[in-house]
Amino acid sequence: MTTNVISLDDAHFQREVLESSEPVLVDFTAAWCPPCRALAPVLDAIAADFRGRLKVTRLDVDDHPESAMRYGIRSVPALLLFKEGKVVRQLLGAQPRAKLEQELRTHLG
């Protein structure tokens, strides 16, 4: 399966997210989570549509709990938008594509 979403781990979170020159959307997810699976194709499409303006990443909270704990993730899916290494928006639960795009446009200009 080809995807436009970058898989993250705790070891690369700093470089891929906090030191990124472009805004980064992090999908905190888990393999056992049905809403997370439903959200995956939406995020893949957004990653393709916003290529060059936004990096879309996915972090499995069960496999990589350190980053999830650092940002207080208690339920999945949780989407955090980072700009210049700081969280500028947090969305909890599966979101419709139109709502996600509207939120992203607000922060991406």
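Residues numbered from 1 in each chain as written. Predicted model: local features only at pLDDT ≥ 70, side-chain atom pairs only at ≥ 80, totals over all residues. Heavy atoms only, no water.

(A) Spatial organisation of the nonpolar core. One finds Phe13, Val17, Val26, Phe28, Ile73 and Phe82 to be the most contacted residues of the largest nonpolar core, which totals 18 residues. Every element with two or more residues in this core is listed here: helix H1 (10–18), strand S2 (24–29) and strand S4 (78–83). Apart from residues lying up to four places away in sequence, Phe13 is in contact with Leu8, Leu18, Val26, Phe28, Leu59, Ser67, Arg70, Tyr71 and Phe82. If you look at the next biggest cluster of nonpolar residues, it comprises 15 residues, including Ile46, Val56, Leu79 and Leu91. (Core = buried A, V, L, I, M, F, W, Y, C linked by side-chain atoms within 4.5 Å. Buried < 20%, exposed > 50% of the residue type's maximum accessible area, 1.4 Å probe, protein only. Helix = DSSP H or I, 4+ residues; strand = E, 2+ residues; numbered from the N terminus. Contact = heavy atoms within 4.5 Å.)

(B) Structural context of the sheet that holds strand S3 (residues 55–60). One open sheet holds the 5 strands; their spatial order is S1-S3-S2-S4-S5, and the pairing between them is mixed. For this open sheet the edge positions go to strand S1 (6–7) and strand S5 (86–92), each flanked by a neighbour on one side alone. The pairing of S4 with S5 spans 6 bridges and is antiparallel. Bridge assignment links Lys83 to a residue of S5, and that residue is Lys86. (Pairing = 2+ DSSP bridges.)

(C) How the structure looks around the UniProt feature "active site" (unreviewed entry) in the protein chain. The positions UniProt marks with the feature "active site" (unreviewed entry) are Cys33 and Cys36. The topology assignment puts Cys33 in the loop between S2 and helix H2 (34–49). By relative accessible area, which is 2% here, Cys33 ends up buried. With sequence-adjacent residues up to four places away left out, Cys33 is seen in contact with Val76 and Pro77. Residue position: Cys36 is located in helix H2. Overall, the relative accessible area of 3% leaves Cys36 in the buried class. Among residues more than four places away in sequence, those in contact with Cys36 are Thr29, Ala30, Val76 and Pro77. (UniProt positions renumbered as here; feature names shortened; annotations may be inferred.)

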